Amino acid sequence: MTLPVRTTRADSGHMEDPLKRLRALFEEISPLIEGYTSKVCPSCEDVCCKQKHAYYDSEDLVYVSALGLALPEYGDRGLEEPCEFLSVSGCSRPRWQRPFRCTWYFCEPLLRHMEEGPGRPYRRLVGLLQEIVELKGKLLGSDRRPRG
Ligand code: SF4
Ligand code: SF4
């Protein structure tokens, strides 16, 4: 499930460094998302953080390569087992280093909780996510909408 984020071409006028800006956006959006997940996820019976989601896709790899980040050393867990980066307090990796799907995915109960809550933080989250999508498209040289 995805949020109502419009995909438009980024305004290059204020994109002096897309990588730095992306990191700043991930750092700003992270506590907003965690404010919601901390309420909904503890009672989840089918946690979405599976090992198969720990791996970068081809678009993530462009981003990671541009950042000069080394790939994590993955263990040998089965794809349907809990993600090896999942700790008792949530994901152990900084959001800006996670696969993009880790920020993009919102299950139905989570989305419902977000929509039913105060409008201001929800709108801020949608706005940040929209800017992340636009910058990611700029970085990849496309306006492609990411897969949820
Ligand atoms: S985001 Fe949804 S599916 Fe994933 S752990 Fe939280 S409640 Fe469960
Ligand atoms: S958010 Fe973290 S723990 Fe969850 S799938 Fe992504 S990398 Fe793994």
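What counts, and at which threshold
- Residues numbered from 1 in each chain as written.
- Chains lettered and ligands numbered in written order.
- Predicted model: local features only at pLDDT ≥ 70, side-chain atom pairs only at ≥ 80, totals over all residues.
- Near = placed C-beta within 6 Å.
- Helix = DSSP H or I, 4+ residues; strand = E, 2+ residues; numbered from the N terminus.
- Nonpolar A, V, L, I, M, F, W, Y, C, P; charged D, E, K, R; others polar.
- Core = buried A, V, L, I, M, F, W, Y, C linked by C-beta atoms within 7 Å.
- Buried ≥ 20, exposed ≤ 12 C-beta atoms within 10 Å, placed from the backbone.
- Axes fitted to C-alpha atoms, helices over the stretch in contact; angles between N-to-C directions.
- Parallel < 35°, antiparallel > 145°, perpendicular 65-115°, else oblique.
- Left-handed = near helix turned anticlockwise from the far one by under 90°.
- Contact = placed C-beta atoms within 7 Å.
- pLDDT = per-residue confidence, 0-100.

Chemist: Teacher, can you tell me more about the site of ligand 1 here?
Modeler: As a matter of local geometry, ligand 1 sits amid Thr37, Val40, Cys41, Cys44, Val47, Cys48, Cys107, Pro109 and Leu110. Of all elements in the fold, only helix H1 (18-40) and helix H4 (108-116) reach the threshold of two or more residues within the shell around ligand 1. Within the shell around ligand 1, the residues separate by chemical class into eight nonpolar, one polar and no charged.

Chemist: Where do I start with the site of ligand 2 in this structure?
Modeler: Close contacts around ligand 2 come from Cys49, His53, Ala54, Cys83, Phe85, Leu86, Cys91, Arg93, Arg98, Pro99 and Cys102, and that covers them all. Partitioning the shell around ligand 2 into residue classes produces eight nonpolar, one polar and two charged.

Chemist: Can you walk me through the nonpolar core in this structure?
Modeler: Note on soluble globular proteins: their nonpolar side chains tend to be buried together. Judged by nonpolar contacts, Leu22, Leu25, Ile29, Leu125, Leu128, Leu129, Ile132 and Val133 together constitute the single largest core of eight residues. Sorting the residues of this core by element identifies H1 and helix H5 (119-140) as the ones contributing at least two each.

Chemist: Sorry, what's going on with the packing of H1 against H5 here?
Modeler: Angle between the axes and distance between the axes are the two parameters that describe a pair of packed helices. Relative to each other, H1 and H5 sit at 150 degrees, their axes nearing to 9 Å. The orientation of H1 relative to H5 falls into the category roughly antiparallel. Where H1 crosses over H5, the handedness of that crossing is left-handed. Two secondary-structure elements touch here, H1 through Pro18, Arg21, Leu22, Leu25, Phe26, Glu28, Ile29, Leu32, Ile33 and Gly35 and H5 through Pro121, Arg124, Leu125, Leu128, Leu129, Glu131, Ile132, Leu135, Lys138 and Leu139.

Chemist: Mind showing me how you'd approach the confidence of the model for the protein chain here?
Modeler: Caution is warranted with low-pLDDT regions, since their predicted coordinates should not be read in detail. Of all residues in the protein chain, 84% have pLDDT values of 70 or greater, and the mean over the chain is 88. Looking over the protein chain, one finds the lowest element-wise mean pLDDT in helix H2 (residues 58-67), namely 93, and the highest in H4, namely 97. Contacts for the low-pLDDT stretch residues 7-15, under 50 throughout, to residues beyond four places or in other chains number 14 contacts. Predicted confidence is poor over residues 143-148, with pLDDT under 50, and the contacts of this stretch with residues over four places away or in other chains come to 14 contacts.

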